[in-house]
Amino acid sequence: MLTELFEKSQKISFEEMEETILKAYKLLESERILKEINGLTVNEDLILCSPANIEYCTIIGDIHGDLDTLQEILKQINFEDRIKNKRNKIVFLGDYGDRGEKSPEVYYVILRLKIEYKDNIILLRGNHEAPPELMAYPHDLPLFLIEKFGNKGHEIYLQMRKLFEKFYLALVVLDKFIVLHGGIPSKASSLEDIAKARIIHPKKSLLEEILWNDPMEMEGIEDSYRGVGKLFGIDITEKFLKRNNLMLLIRGHEPAREGYYITHNNMVITVFSRKGPPYFNQKAAFLDIKIDELNSKEDIIKFIKVI
């Protein structure tokens, strides 16, 4: 089943891609209307989950068109067995495309997985799925789509831009962790700030910072070297997690030589799930967390998988 999906992604037609985007859009829209995903609560762009409603939580970082590594990760978790239990969730941290020639194929695969296994798959938004004014550069997804679908590639891209607005910003497993792409916004205090970030954009920089922020070993907030977003210190992390009774921030956004790195006194873990140029990291990582075995922030180390 999984092998066939990855093989099919290499041969998809314009019509198949268009149909897949439309189905995914309607599905994500319906989740927001129903405010629920099989026991998980949907509050605008935030998904809230009781530990009792989740068994395994697999967290996959930036993919950036690396189709082969994505396939290997899903094989390693025995995907076809894992998704038989709806309490097992697979969370993607965003940045599915750009900087990898298989970007259209990766989007096709993750969207088909969402359509077929809607209760198991959660799609978050990265800075490479940002609104136009916050979009990462270089943004070469449109070029890959034109290579794949010819002149109709631009039409597919416009449809995908609408779809990006339906991807979530964060998932929270209560009393455990928050998962998002970039980092904690400097002026966020509550989970409601995360839930409403897109709605109040651009009046406040919450959306920008969720998609673009990076942790640094310092205190306070500084402007980011990226030219957008902020660098946030250990005090920002500690304050937000404490206020919301959480142990960990799990995020992507940054390449890591070993596929992951841990910072902010074990409160922040970064996972990056692709290999090769332009990042040239030889290892990719993901998390495969048994929720009832995560009882402290130090426990996270045993759930890191490196390939």
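Cut-offs and rules
- Residues numbered from 1 in each chain as written.
- Predicted model: local features only at pLDDT ≥ 70, side-chain atom pairs only at ≥ 80, totals over all residues.
- Heavy atoms only, no water.
- Core = buried A, V, L, I, M, F, W, Y, C linked by side-chain atoms within 4.5 Å.
- Buried < 20%, exposed > 50% of the residue type's maximum accessible area, 1.4 Å probe, protein only.
- Helix = DSSP H or I, 4+ residues; strand = E, 2+ residues; numbered from the N terminus.
- Contact = heavy atoms within 4.5 Å.
- Pairing = 2+ DSSP bridges.
- Arc of directions from axis to C-beta.
- Salt bridge = Lys/Arg side-chain N within 4 Å of Asp/Glu carboxyl O.
- Phe/Tyr/Trp six-rings, centres within 6.5 Å; stacked < 30°, edge-to-face > 60°.

**Digging into the nonpolar core**
In terms of nonpolar packing, the biggest core is built from 72 residues, with Ile59, Phe79, Phe92, Phe177 and Ile289 touching the most fellow members. With seven residues, helix α5 (residues 103-116) is the single largest residue contributor to this core. Residues in contact with isoleucine 59, not counting those within four places in the same chain, are Val91, Leu93, Phe177, Val179, Ile250, Phe286, Leu287 and Ile289. Judged by nonpolar contacts, the second largest core, of 29 residues, contains Ala170, Ile184, Leu211 and Val268.

**Some thoughts on the environment of methionine 17**
Mapped onto the elements, methionine 17 comes out in helix α2 (residues 14-34). The exposure class assigned to methionine 17 is buried, which follows from its relative accessible area of 0%. Methionine 17 has contacts with Ile12, Pro104, Tyr107, Tyr108, Phe149, Ile156 and Met160, leaving out every residue within four places of it along the chain.

**Thoughts on the sheet that holds strand β10 (residues 221-223)**
Ordered by their spatial adjacency, three strands build an open sheet running β9-β11-β10, and the pairing between neighbours is mixed. Edge strands, defined here as strands with exactly one partner in the open sheet, are β9 (214-215) and β10. Note that β9 and strand β11 (residues 230-232) share two bridges and pair parallel. Bridged to aspartate 214 within β11 is leucine 231.

**With respect to the side chain of serine 9**
Looking at the element boundaries, serine 9 is found in helix α1 (residues 2-9). By relative accessible area, which is 0% here, serine 9 ends up buried. If we ignore the near neighbours within four places in the chain, the residues touching serine 9 are Leu67, Glu105, Tyr108, Val109 and Lys148.

**A closer look at the sheet that holds strand β8 (residues 177-180)**
Hydrogen bonds along the backbone pair up the strands of a sheet, which may run parallel or antiparallel. What the eight strands build is an open sheet, ordered β1-β2-β3-β7-β8-β12-β14-β13; its pairing is mixed. Edge positions in the sheet fall to β1 (36-37) and β13 (260-263), since each has one partner strand and no second. One ladder, built from three bridges, connects strand β2 (residues 40-43) with strand β3 (residues 46-49); its direction is antiparallel. In the sheet register, threonine 41 faces β3, and the bridge partner there is leucine 48.

**Digging into unusual backbone geometry**
Residue tyrosine 137 is joined to proline 138 through a cis peptide bond whose omega torsion reads 0°. Here proline 277 and proline 278 are connected by a cis peptide whose omega angle stands at 5°. In this structure, asparagine 78 is a non-glycine residue whose phi angle is positive, near 50°. Its identity is not glycine, yet arginine 99 carries a phi of approximately 65°, on the positive side.

**Notes on α1**
Among all positions of α1, only Leu2, Leu5, Phe6 and Ser9 are buried. Down the axis of α1, the smallest arc covering the buried residues is 95°, so these residues share one side.

**Topic: the pairing of strand β7 (residues 170-173)**
Here β7 shows no split at all, with Ala170 and Val172 on one side and Leu171 and Val173 on the other all buried. Bridge count for β3 against β7 is four bridges, and the pairing is parallel. Bridge pairing links leucine 46 to alanine 170 in β7. Across four bridges, β7 lies against β8 in antiparallel orientation. The residue bridging alanine 170 from the neighbouring strand is leucine 180, located in β8.

**Notes on helix α6 (residues 141-149)**
Buried within α6 we find Leu141, Pro142, Phe144, Leu145 and Phe149. Relative to the axis of α6, the buried residues are bounded by an arc of 160° and lie together on one face. Of the residues in α6, the exposed ones pointing more than 90 degrees away from the buried face are Leu143 and Glu147. Residues of α6 that are buried in the fold lie against α2, α5 and α7 (153-164). Glycine 150 lies just past α6 and shows a positive phi near 70°.

**Some thoughts on the pattern of salt bridges**
In total, this model carries 20 salt bridges according to the counting rule given. A salt bridge links aspartate 81 to lysine 84, with the nearest nitrogen and oxygen atoms 3.2 Å apart. A single network of salt bridges, built from pairs that share partners, joins Asp214, Arg226, Arg251 and Glu254.

**Here's the deal with the packing of aromatic side chains**
Under the defined criterion, the tally for this structure stands at seven aromatic pairs. Note on phenylalanine 164 and phenylalanine 167: the rings are 5.9 Å apart at their centroids and 45° apart in plane angle, and the pair reads as tilted. Residue phenylalanine 164 is classed as buried on the basis of its relative accessible area, which comes to 0%. For phenylalanine 167, a relative accessible area of 0% corresponds to the buried category. Residues phenylalanine 272 and tyrosine 279 carry aromatic rings whose centres are separated by 5.1 Å and whose planes lie at 75° to one another, so their mutual orientation is edge-to-face. What makes phenylalanine 272 buried here is its relative accessible area of 0%. One aromatic cluster is present, formed by Phe92, Tyr96, Tyr107, Phe164 and Phe167 through successive ring pairs.

Interpretation in functional terms is not warranted from these geometric data alone.
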